[in-house]
Amino acid sequence: MSTQITDATLLDIHQRMVRIRIFEETAGKMMEDGKIPGALHLYVGQEAIAAGVMVHLSNEDYITSSHRGHGHLIAKGGEYDRMFAELYGKATGYCKGKGGSMHISNLELGMLGANGIVGGGPPIAVGAAFSIKFKQKDNVAVCFFGDGASNEGSFHEAANMAALFKLPCIFVCENNGYGEYTPQANHQAIVDVADRAPGYGMPGVVVDGMDAVAVYEAAGEAIRFARQGSGPTLLECKTYRYYDHVGVRGMGLSYRTDEEVERWRQKDPIMNFEARLAEQGILSADAARTIHEQVEQEVQAGIAFAESSPMPDPSTITDDVYA
Amino acid sequence: MAEAQPQPRELPYVAAITDGVRAVLTEQPDAFVAGEDVAGAGGVYGYYRGLLKEFGPNRIFDTPISEEAIVGLGVGAAVTGCRPIIDLMFMDFMGECMDEIANQLAKMRYMFGGRATLPVTMLTMAGAGMSLAAQHSQSLEAWICHLPGLKVVMPTTPYDAKGLIIAAARDDNPVIVILNKMSLAITGPVPEESYAIPIGEANIVREGTNYTIVALGRMVHEALKAAEVLKDLGIDAEIIDPRTLQPFDTDTVIASVKKTHRALIVHEAVRFGGFGGEITAQIQELAFDYLDAPIARVGAPFSPVPFSPALEAHYVPNADRIVAEVKQQLAL
C-alpha cells in the first residue's frame, strides 16, 4: 500500500460509521416499537465496510446493495430525512414510500438500490460496470453482498461475466458468518469466500471487516485495479452483525450464543477506531462525543421530518409502474 | 397495416428482425446487443447475421450462457443510461432468469418511486413446430403479462417484427418482444426506412361483420386460413391481431365484439390459464349484453410440448381446430 491515509480521510470514515450506527440503532428500536412498518435488516457491526469502501467513491460510481442496505446508502451520502421518510412509508421518502427498507435507493448518489432478493445485486452491478466501460468512463461499480448470497447462482454468473469482460466491478463480500440464521459452516464448505476468486480469474482478498483502515486500503487497491481496466476483485470482509437477521431481537431464535456476540463486540469497528484516532491525536474522546451528539440530533431531525410528512395518497398506487 | 410505399420490398420475418435491430443500433448510440451467440454466430436463427461486421464488438457481443447475468446486464446498464437489447435465445430459458425479469427489471422503477428508467428491449423466441420438444417450444406470454412494469409485444408479420422492435427500443420501459420460430420464413412487405408500430395498438387484419377472432402471434395466419373456410358457412370473421399483449388494446376488441356479437380467442400457449382467459374476461365485463354465444377459446392441450412430429402436429392449434371450435360453438 503506497498511499498514506490522511487525517481528513480517517475523520471522514469515522463520520460515516457513526452516521450508520446511530441511524440503525434508532431505526431498529422504532421497528421493534411498531413505529416503522415491515422488516429492517440492520447494519450495526458492519459499518467499517461501507465506510471504508464508500470513502473512495463519487456519485458517478455505482453501488448495488443487499437487504441490509441502509448502511450502504448512508455511507454513499443518503440523507436521514428522506431515509426515515421511506422507512415510515411516507410520500417524501426516497422511493415515495413504494420501496421501503428493502428497496431504498438514490440513483443521484449512484446507489442502485437495496435488494430484497439475496443475490439480486451482482448481475445488476455487472450491468452498471458494463455501462461505465461502454461509455468509456473511469468509474467503478461496487457490489455488496453477503456470505449467503455467495451461494446463489446469480453471483456465479455475475462474477464470471465481470471477469471475462474485465469490467470495473468490485465484489465486496460482507461475510458476517450467517446466511440468515444458518452459520457459514452449515452453508458452504469453505471458510474464505475469496477462495472462489481464482476460479473466476480475478484476485481474491480477505480483510478484517471490523477494521475500517484495512477495508479502506484493500478497497482502494481493488478500485485502482478496476479503474485501470484490469477487471474485478473479490474482496471478502470478515465481519459480524450485532443484531438479528431481522430487527434487533429478531424472532428470538437461539442460533448463536451471547458469548459469540460479545466476542465480536470487542472488535467494534467504531470503538476501536476512535481509540486509534485518540491515540494518534486526530480525534479526542470529547470531539468524538460531540460528533455522536450532532449525528444524534440529525437523526432526531430526520425522524421529525418523516413524522410530519404526508402518507402517499392511495390514488398513486399505480403511478410509477411505467415511464 | 399502413401501406407506406406503392411497392415496398418483401423480406422474410427473420430478415425483418435484423433490419429492426440494425435500425435501432443506427439511431441509438447508447444501444447495444448482448446475448448468447448473437455476435460471432449471428444468432442461432441467424437474425443478427452481419451486424457484428457492421457495428463492431462494442455494439453487439456474445455473453457466456448465463441468462440471469444477461438480464442483469440489461437492468444495470439501462438504469445507468444505456439502452440494451438483450437476447434470450429461447423463451423457455426465462426460468433461468425469472428473478431478474420479475423482481428486478419489472419492479425497479416502481420500487424506486419512479426514479429509475429501464429502457431494456428483450428479444426472445417462442413457439412450437420444429420438434424441439418441451424446453424449446413454449409460448409463455402469460407468465410475463402478469407482471406490472413490463410491456409485451408479439410480432406476427415481417412488417410488425421490424416496427415493434424499433418501438420497443424507443420505449423507456422494459419491452419483451416475443418472436415466433415458425414465422421466420414468412415473407411480407418491409419498408427500408425506420418506423415504429405504436405499442398498445391492435391490428385488424381482416374486417368482418358477424364473428370476431382474436389471434395471438403466428395464430393470426391460421385464423386467416380458417376465415376462408368459415366464409362458406356464412361466417364473415373479423380477425384482430393484438400485436401488443401488455398494455392490451381492449377497445379494439370490444368494438369488434359489439359489432359481431361472437368471439373466439386463439393462441399457441396452453389454453388453461392462458392469456385468452384474460381477453375472455374483459369481453364479458365490457360487452356481455352484446354476446350471442359463449366466448370460445382455442389453445394447446394441458401438457408439455411433445417431441414427436405426430404428437406436435396435434398439439399446436391450427386453422382446422379454429373452424371446428367455431362450428361447435355455433352448433353448425
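Residues numbered from 1 in each chain as written. Chains lettered and ligands numbered in written order. Predicted model: local features only at pLDDT ≥ 70, side-chain atom pairs only at ≥ 80, totals over all residues.

(A) Structural detail: the overall build of chain B. Secondary structure assignment for chain B yields twelve helices and 14 strands. Its C-alpha atoms give chain B a radius of gyration of 20 Å, near enough to 20 Å, the size a compact globule of 332 residues would have. With respect to the three principal axes, the spread of C-alpha positions in chain B is 60 × 45 × 40 Å. The buried share of chain B, reckoned over its 332 residues, is 54%. Of the contacts made within chain B by residues no fewer than 6 positions apart, 79% connect residues no fewer than 24 positions apart. (Helix = DSSP H or I, 4+ residues; strand = E, 2+ residues; numbered from the N terminus. Rg over C-alpha atoms; globule rule 2.2 N^0.38 Å. Buried ≥ 20, exposed ≤ 12 C-beta atoms within 10 Å, placed from the backbone. Contact = placed C-beta atoms within 7 Å.)

(B) Just the interface of chain B and chain A, in detail. Each partner contributes to the interface: chain B provides 36 residues, whereas chain A provides 35 residues. Contributions of two or more residues to the side of chain B that touches chain A are made by helix 3 (67–79), helix 4 (94–105) and helix 5 (108–111) of chain B. Looking at the side of chain B that touches chain A, the element that brings in the most residues is helix 3 of chain B, giving ten residues. Class assignment for the residues of the side of chain B that touches chain A results in 15 nonpolar, 15 polar and six charged. (Nonpolar A, V, L, I, M, F, W, Y, C, P; charged D, E, K, R; others polar.)

(C) Quick peek at the sheet that holds strand 1 (residues 62–64) of chain A. Residue and element names in this part refer to chain A. On the basis of which strands lie adjacent, the open sheet formed by five strands has the order 1-2-3-7-6 and parallel pairing. If you trace the sheet from one side to the other, it starts and ends with strand 1 and strand 6 (204–208), each paired once. Along the sheet, successive strands turn relative to each other by an average axial angle of 20°, direction set aside. (Pairing = 2+ DSSP bridges. Axes fitted to C-alpha atoms, helices over the stretch in contact; angles between N-to-C directions.)

(D) Highlighting the domain arrangement of chain B. Residue and element names in this part refer to chain B. We note that the domain assignment places domain 1 (10–189) and domain 2 (203–330) within chain B. Using C-alpha coordinates to define each centre, domain 1 is positioned 26 Å away from domain 2. In this complex, domain 1 contributes 25 residues to the contact, which on the side of domain 2 involves 23 residues. The residue inventory of the side of domain 1 that touches domain 2, partitioned by class, reads 13 nonpolar, nine polar and three charged. (Domains from an automatic or database assignment.)

(E) Layout of helix 1 (residues 7–32) of chain A. If you check helix 1 of chain A, its first and last C-alpha atoms are 38 Å apart, about what 26 residues at 1.5 Å a residue would give, namely 38 Å. Of the residues trailing helix 1 of chain A, Gly34 of chain A is marked for its positive phi of about 85°. (Expected span 1.5 Å × (residues − 1).)

(F) Inspection of the pairing of strand 2 (residues 31–35) of chain B at higher detail. All names here are of chain B. In terms of burial, strand 2 is largely enclosed, as five of its five residues are buried. On strand 2, burial covers both faces: Ala31, Val33 and Gly35 on one face and Phe32 and Ala34 on the other are all buried. With five bridges connecting them, strand 2 and strand 4 (residues 83–88) associate as parallel partners. When the sheet's bridge partners are listed, Ala31 is paired in strand 4 with Arg83. Direction of pairing for strand 2 relative to strand 3 (residues 60–62): parallel, over a ladder of three bridges. By the bridge assignment for strand 3, Gly35 is matched with Asp62.

(G) Geometry of the sheet that holds strand 12 (residues 244–246) of chain B. Residue and element names in this part refer to chain B. Strand order in the open sheet formed by seven strands is 3-2-4-5-7-6-12, and the pairing between neighbours is mixed. On the outer flanks of this sheet lie strand 3 and strand 12, each paired with one strand and no other. Each strand of the sheet is rotated relative to its neighbour by a mean of 20°, with strand direction disregarded. Sheet topology places strand 5 (residues 121–126) next to strand 7 (residues 175–180); six bridges connect them, and they run parallel. Considered in strand 7, the bridge of Thr124 is made with Ile178.

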